[in-house]
Amino acid sequence: MRNNHELTTLRNRALWNDFYRTRNEWFDKHLIFTKRQLLTHVLNNCRPHYYVTFDYAARQASRLIRSKRSGRRLSVKQQMWYEIASKVARLMLMGRARSISEALTEVLVSSRASRYFLSYSQARRIINEESRRHSARRRC
């Protein structure tokens, strides 16, 4: 089982890979764009995994399922928990899972997030850090 640090590292690498893959695709199409446009597109259109531990997701999802809170006016992180909780509830209602735990496992293992649940500033920091890490590796 992975811990939070490992999952954060995996998420950051996935974001960096999606950013550079999309950048290269846009370059190949001769598109003119800013870094902000590119990163905003990646955040909203790429479909990453949910990079969270099962225990933490279980606490957050079950809390949201019990509270029946609407998905409006939630922080970026709360939106992710709401999306996970909605998928868990849907699996339970469809009878595809016998328990919240089973449904959550299926969501975390088999499902993709609708987008990266990161703010623009957080994503920009990650891209800058990963870029420095990759350029340092190339110099060695």
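Preceding this section is the structure that the text describes.
Residues numbered from 1 in each chain as written. Predicted model: local features only at pLDDT ≥ 70, side-chain atom pairs only at ≥ 80, totals over all residues. Heavy atoms only, no water.

J.: Even after reading the chapter, I still don't get unusual backbone geometry, so can you show me in this structure?
T.: Note on backbone geometry: most residues besides glycine have negative phi, and most peptide bonds are trans. Unusually for a residue other than glycine, His30 sits at a positive phi of about 60°. Tracing the backbone shows His30 in the loop between α1 (4-28) and α2 (35-45). (Helix = DSSP H or I, 4+ residues; strand = E, 2+ residues; numbered from the N terminus.)

J.: Which parts of the structure should I look at to understand a positive patch on the surface?
T.: A cluster of basic residues, Lys35, Arg36, Arg124 and Arg125, forms a positive patch on the protein surface. Those elements that place two or more of their residues in the positive patch are α2 and α6 (120-139). Mapped onto the fold, Lys35 is located in helix α2. (Patch = residues over 30% accessible without salt bridge, like charges linked within 9 Å, V, L, I, M, F, W, Y side chains within 5 Å. Areas by Shrake-Rupley, 256 points an atom, 1.4 Å probe, with all protein chains shown as cover. Salt bridge = Lys/Arg side-chain N within 4 Å of Asp/Glu carboxyl O. Lys, Arg positive; Asp, Glu negative; His and termini not counted. Charge placed at Lys NZ, Arg CZ, Asp CG, Glu CD.)

J.: How do you make sense of the packing of α1 against α2 when you look at a structure like this?
T.: What describes two packed helices is the angle between their axes and the distance between those same axes. Close contact between α1 and α2 brings their axes to 10 Å; oriented N to C, the two are set at 120°. By the angle between their directions, the pair α1 and α2 is classed as oblique. Judged by the sense of rotation from one axis to the other, the crossing of α1 with α2 is right-handed. Contact residues: α1 offers Leu15, Asp18, Phe19, Thr22, Arg23 and Trp26, while α2 offers Lys35, Gln37, Leu38, Leu39, His41, Val42 and Leu43. Among the residues forming the contact of α1 with α2, the class breakdown is seven nonpolar, three polar and three charged. (Axes fitted to C-alpha atoms, helices over the stretch in contact; angles between N-to-C directions. Parallel < 35°, antiparallel > 145°, perpendicular 65-115°, else oblique. Left-handed = near helix turned anticlockwise from the far one by under 90°. Contact = heavy atoms within 4.5 Å. Nonpolar A, V, L, I, M, F, W, Y, C, P; charged D, E, K, R; others polar.)

J.: I tried to follow the pattern of salt bridges on my own but got confused; where do I start?
T.: Side-chain pairs of opposite charge can arise whenever the charged atoms involved come near each other. In the structure shown here, the tally under the stated rule is six salt bridges. Of the charged contacts in the structure, one is a salt bridge between Glu83 and Lys87, with a shortest N-O distance of 3.8 Å. Of this pair, Glu83 and Lys87 both sit in helix α4 (residues 76-94), four residues apart, which is roughly one turn of that helix. One salt bridge in this structure joins Arg98 and Glu102, with 3.5 Å as the shortest N-O distance. When its relative accessible area of 75% is taken as the criterion, Arg98 is described as exposed. We classify Glu102 as partly exposed; its relative accessible area is 29%. Salt bridges here are not isolated pairs; linked through shared partners, they connect Asp18, Arg21 and Glu25. (Buried < 20%, exposed > 50% of the residue type's maximum accessible area, 1.4 Å probe, protein only.)

J.: What should I look at first to understand α4 in this one?
T.: Along an α-helix, a turn takes 3.6 residues, which lines up residues three or four apart on a common side. The end-to-end C-alpha separation of α4 is 27 Å, in line with the 27 Å expected for 19 residues at 1.5 Å each. Within the span of α4, buried status applies to Met80, Trp81, Glu83, Ile84, Ala85, Lys87, Val88 and Leu91. A positive phi of about 75° marks Gly95, the residue just after α4. (Expected span 1.5 Å × (residues − 1).)

J.: Sorry if this is basic, but what is going on with the packing of aromatic side chains here?
T.: What the rule picks out here adds up to five aromatic pairs. Seen from their ring centres, Trp16 and Tyr20 are 4.6 Å apart, and the 40° between their planes marks the pair as tilted. With Trp16 and Tyr20 both in helix α1, this residue pair falls four residues apart, about one helical turn. Residue classification places Trp16 among the buried positions, given a relative accessible area of 12%. Ring centres of Trp26 and Phe33 lie 5.1 Å apart, and the angle between their planes is 75°; this geometry places the pair in the edge-to-face category. Under the relative-accessibility criterion, Trp26 is labelled buried at 15%. Within the aromatic cluster, the residues linked to one another by ring pairs are Trp16, Phe19 and Tyr20. The side chain of Arg36 reaches across the aromatic face of Tyr120, ending 4.1 Å from its centre. (Phe/Tyr/Trp six-rings, centres within 6.5 Å; stacked < 30°, edge-to-face > 60°. Lys NZ or Arg CZ within 6 Å of the ring centre and 35° of its normal.)

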